[in-house]
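A structural walkthrough
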Amino acid sequence: MKKLKMPALLLAASVLFTLAACQPSSSSTEPSKEVTPASSPEPSAAPTESPGLADDEEPDIRFAVLSGPTGVGAAKLLDGVDNDPASLHASYSYTINTDNSELVAGLSNGEIDIATTASNVAVNLYNKTDGGVKIIAVGTLGVLHILEGNGGTSINSMADLAGKTLYAAGQGANPEYVLRYLLKENGLEDVEVVFADASEISVKLLSGEIECAMLPVPAATAAIAKGEGKVRQAIDLTEAWDALRNGSQLIMTAVVARTEFVEAHPDKVEAFLTDYEASIRYVNDNVDAASELVAGYNITPSAGIAKQAIPQCHLVFISGADMVASISDYYSVLYSIDPASVGGTLPDADIYWMG
């Protein structure tokens, strides 16, 4: 756990961010048994794999999903693979992973064709592999929230954080850079930021040990539910970002594909985008049913948490020119805070697949 005040945070901009900043998962790399939709009290600790095709069949697309908000929008697509493949425009195998580093490895070694990743991971991987991946869509906007504990009601805007100690998850990744930018733009240099794991932060919030914290959905949703009125959502950081009117959008999830796969199979990429867009639309429009799917694939800990989290995930489907406009501006903001956040240099136009 590391304590930083804002002056120190700005000094931290000199520290090089690499993909190794994503903590490697302690889970096994071996696939677990078949996943079928059924609520689970805890998320799976290991990657899970689709039932797969017959031995003599090859899927059109090897798809990988990151558990948590990054994977929520894909729940209906996964259900289609398992239970209604005829409804899809391509055939798939899939894995559900718990850490971005697993996706990075799979994309780098050619075991994964398309994956949902954190947006900063996408640009870092592009720079690290000399253009080995392309961004083909955006899947979520912001999923970060400031929570207030101890039954408090005094925090309602960024300005209300002045002089406070704020616990935050996501050091070395999107959440840290987003927080640093929002604090800087709101002139909040006196906020003490303490980085810790989301689970540790939740425990401290629920025990009343800390007053406020930044957590992503669904961890934020779970803390509010368990707090039984003593923990509340105080600030939606997507709204705080939009309030700055800087021309960019807060983009947390990018869908990436291996460049070799895109160039060889553009028709399969188009088919995926059709299925992925339909999945996001279904999740947004059918929250009750979708929450069961999301929990059944261990993307969130329970259906109840998923039901509350889905509206807070800001699920979207953006591709083509609109995608380029939204995420390129976001990368420019990250670069202004810390060039290392995007791998040291802003990506060129080749990072985007326009179809």
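Shown above is the structure to which this text applies.
Overview of the structure. (Residues numbered from 1 in each chain as written. Predicted model: local features only at pLDDT ≥ 70, side-chain atom pairs only at ≥ 80, totals over all residues. Heavy atoms only, no water.)

Time to look at the overall build of the protein. A tally of regular secondary structure across the protein gives 14 helices and 13 strands. Looking at the protein residue by residue over its 355 residues, the buried ones come to 54%. Summing over all exposed atoms, the protein offers an accessible surface of approximately 14600 Å²; the carbon and sulfur share of this is 49%. (Helix = DSSP H or I, 4+ residues; strand = E, 2+ residues; numbered from the N terminus. Buried < 20%, exposed > 50% of the residue type's maximum accessible area, 1.4 Å probe, protein only. Areas by Shrake-Rupley, 256 points an atom, 1.4 Å probe, with all protein chains shown as cover.)

Counting residues in each nonpolar core, the largest one holds 100 residues, and the members touching the most others are Phe63, Ile135, Ile136, Leu161, Phe272 and Tyr331. Leu147, Leu205, Ala213 and Ala220 belong to the second-largest nonpolar core, a separate cluster that totals 13 residues. (Core = buried A, V, L, I, M, F, W, Y, C linked by side-chain atoms within 4.5 Å.)

A few words on the pattern of salt bridges. Considering all chains together, one arrives at 13 salt bridges under this definition. Residue Asp79 pairs with Lys76 through a salt bridge whose shortest N-O separation is 3.4 Å. Note that Asp79 and Lys76 are positioned in helix H3 (residues 75–83) at a spacing of three residues, about one turn of the helix. For Asp79, a relative accessible area of 12% puts it in the buried group. Residues participating in the shared-partner salt-bridge network are Arg62, Asp113, Arg258 and Glu260. (Salt bridge = Lys/Arg side-chain N within 4 Å of Asp/Glu carboxyl O.)

What follows deals with unusual backbone geometry. A cis amide bond links Val217 with the next residue in sequence, Pro218, at an omega value of 10°. With respect to the helices and strands, the residue Pro218 is situated in the loop between strand E10 (212–216) and helix H8 (219–227). One non-glycine residue, Asp130, lies in the positive phi region at around 55°. Turning to its location among the elements, Asp130 is positioned in the loop between helix H5 (119–128) and strand E6 (133–140). Despite not being glycine, Asn298 has its phi angle at roughly 60°, a positive value. By secondary structure assignment, the location of Asn298 is in the loop between helix H12 (287–296) and helix H13 (303–309).

It is at 10 Å that the axes of helix H6 (residues 174–185) and helix H14 (residues 320–337) come closest, and there the two elements cross at 75°. Between H6 and H14, the angle falls in the class roughly perpendicular. Contacts from Asn174, Tyr177, Val178, Arg180, Tyr181 and Lys184 in H6 reach Tyr330, Val333, Leu334 and Ile337 in H14. (Axes fitted to C-alpha atoms, helices over the stretch in contact; angles between N-to-C directions. Parallel < 35°, antiparallel > 145°, perpendicular 65-115°, else oblique. Contact = heavy atoms within 4.5 Å.)

Let us now look at the side chain of Lys204. Along the polypeptide, Lys204 turns up in helix H7 (residues 198–207). Here Lys204 is in contact with Tyr167, Glu209 and Ile210, once residues within four sequence places are set aside.

Inspection of H8 places Ala220, Thr221, Ala222, Ala223 and Gly227 among the buried residues, and these make up the whole buried set. Structurally, H8 contributes buried residues whose contacts are with strand E7 (144–148), H7, E10 and H13. Backbone geometry just after H8 places Glu228 at a positive phi near 50°.

Taken as a whole, this structure holds eight aromatic pairs when the rule is applied. Ring plane angle 65° and centroid distance 6.3 Å describe the contact between Tyr276 and Phe317, whose orientation is recorded as edge-to-face. Pair noted here: Tyr276 is in helix H11 (residues 266–285) and Phe317 is in strand E13 (residues 315–318), with a separation of 41 residues, a long-range link. With relative accessibility at 1%, the residue Tyr276 sits in the buried group. Here the aromatic rings of Tyr330 and Tyr331 are separated by 6.2 Å at their centres, their planes lie at 40°, and the arrangement is tilted. With a relative accessible area of 0%, Tyr330 lands in the buried category. Given the relative accessible area of 1%, Tyr331 is considered buried. Taken together, the ring pairs in this structure connect Phe63, Tyr92, Phe272, Tyr276 and Phe317 into an aromatic cluster. (Phe/Tyr/Trp six-rings, centres within 6.5 Å; stacked < 30°, edge-to-face > 60°.)

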